[in-house]
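Chain by chain, the residues:
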Amino acid sequence: MLFNESGWLDTLAAWLLALLWVLPLVYAVWTAFHPAEYATRFALDAPLTLDNFRRAWAAAPFARYFFNTTLLVGMILAAQLVLATLAAYAFARYRFRGRNLMFALVLVQLMVMPDILVVENYKTMAQLGLVDSLWAIGLPYFASAFAIFLLRQTFMGIPKELDDAARAEGASALQTLWRVYVPLAKPTYTAFALVSVSFHWNNFLWPLLVTNSQQARPLTVGLQIFSAVDQGIDWSIITAATLMSSAPLLLAFLLFQRQFVQNFMRAGIK
């Protein structure tokens, strides 16, 4: 009886959390597809309109922002996967002096909030002459301690006999890594890629501080133009712009939510 009550309460709590999560999205969709006078008035006979999206697209160079964000996310993810793969393979399969200490330092990075390093990172980008560029936004994130940790744990679970078999076939260390370890770690790569893309697509503070022009701004920073108090706040346009910005992530989540959960479960088990 207690078990049944507990299961019922868990289900109710899950539905309540789902409702709290979806309400802001429902409001954004309603407001974006209706005239401004219906932003706070819900009427079933309210007329539908796409004018909010047209005005939002015309108010800011969204094409440039989408290009910057896509290029930035792809650049960061590629660098993270390459560097993390090499580092994780070294930590998992090689024995060298100071290995445990170096891996401990990698784990320490997981406990350091990125906001703490904003000032020092900005000084470094200024010294390199990279301020107001996509390189300045992405460079501090190229080495991911989280990715190194996940891949190291995955690589350590791969039987060493596969290494011996690959070497017997004449494969080098990099060939073994590419042909044996990387294919077997695909669920981990997918799980981390989903997290990385989501985080950097929505990252706001660091891009805001390190960019000054439209040529380098991503979507999150470009959206602030719609919340300028001196121009008046139109929630219909703001929600339309927000939906346009988040549409790729929402679509990807709806299409790949099952793979998202399964890959994280596999990565966690390993």
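About the thresholds
Residues numbered from 1 in each chain as written. Predicted model: local features only at pLDDT ≥ 70, side-chain atom pairs only at ≥ 80, totals over all residues. Heavy atoms only, no water. Axes fitted to C-alpha atoms, helices over the stretch in contact; angles between N-to-C directions. Helix = DSSP H or I, 4+ residues; strand = E, 2+ residues; numbered from the N terminus. Parallel < 35°, antiparallel > 145°, perpendicular 65-115°, else oblique. Contact = heavy atoms within 4.5 Å. Nonpolar A, V, L, I, M, F, W, Y, C, P; charged D, E, K, R; others polar. Core = buried A, V, L, I, M, F, W, Y, C linked by side-chain atoms within 4.5 Å. Buried < 20%, exposed > 50% of the residue type's maximum accessible area, 1.4 Å probe, protein only. Salt bridge = Lys/Arg side-chain N within 4 Å of Asp/Glu carboxyl O.

(A) Layout of the packing of helix α3 (residues 62-93) against helix α9 (residues 173-184). Orientation of α3 relative to α9, taken along the N-to-C sense of each, is 95°, at an axis distance of 12 Å. Comparing the axis directions of α3 and α9 gives the class roughly perpendicular. Seen from α3, the contacting residues are Thr 85, Leu 86, Tyr 89 and Arg 93; seen from α9, they are Ala 173, Leu 174, Thr 176, Leu 177, Tyr 181 and Val 182. Residues of the contact of α3 with α9, tallied by class, amount to seven nonpolar, two polar and one charged.

(B) Representation of the nonpolar core within the structure. Membership of the largest hydrophobic core comes to 25 residues, with the highest contact counts inside it found for Leu 151, Phe 155, Leu 177, Tyr 181 and Tyr 189. Of all the elements in the fold, those that place two or more residues in this core are α3, α4 (99-110), α7 (145-156), α9 and α10 (186-202). Judged by nonpolar contacts, the second largest core, of 16 residues, contains Ala 32, Leu 219, Ile 237 and Ala 241.

(C) Expanded view of the pattern of salt bridges. What the rule picks out here adds up to four salt bridges. Here Asp 51 and Arg 54 are joined by a salt bridge, their closest N and O atoms 2.4 Å apart. Separated by three residues within a single helix, Asp 51 and Arg 54 lie in helix α2 (residues 51-59), roughly one turn from each other. A residue is classified by how much of its surface remains accessible, and Asp 51, at 28% relative accessible area, is partly exposed. A salt bridge links Arg 93 to Asp 163, with the nearest nitrogen and oxygen atoms 3.9 Å apart. Linking Arg 93 in helix α3 with Asp 163 in helix α8 (residues 161-168), this pair joins segments that are 70 residues apart in sequence. A single burial state applies to Arg 93 and to Asp 163, both of which are buried.

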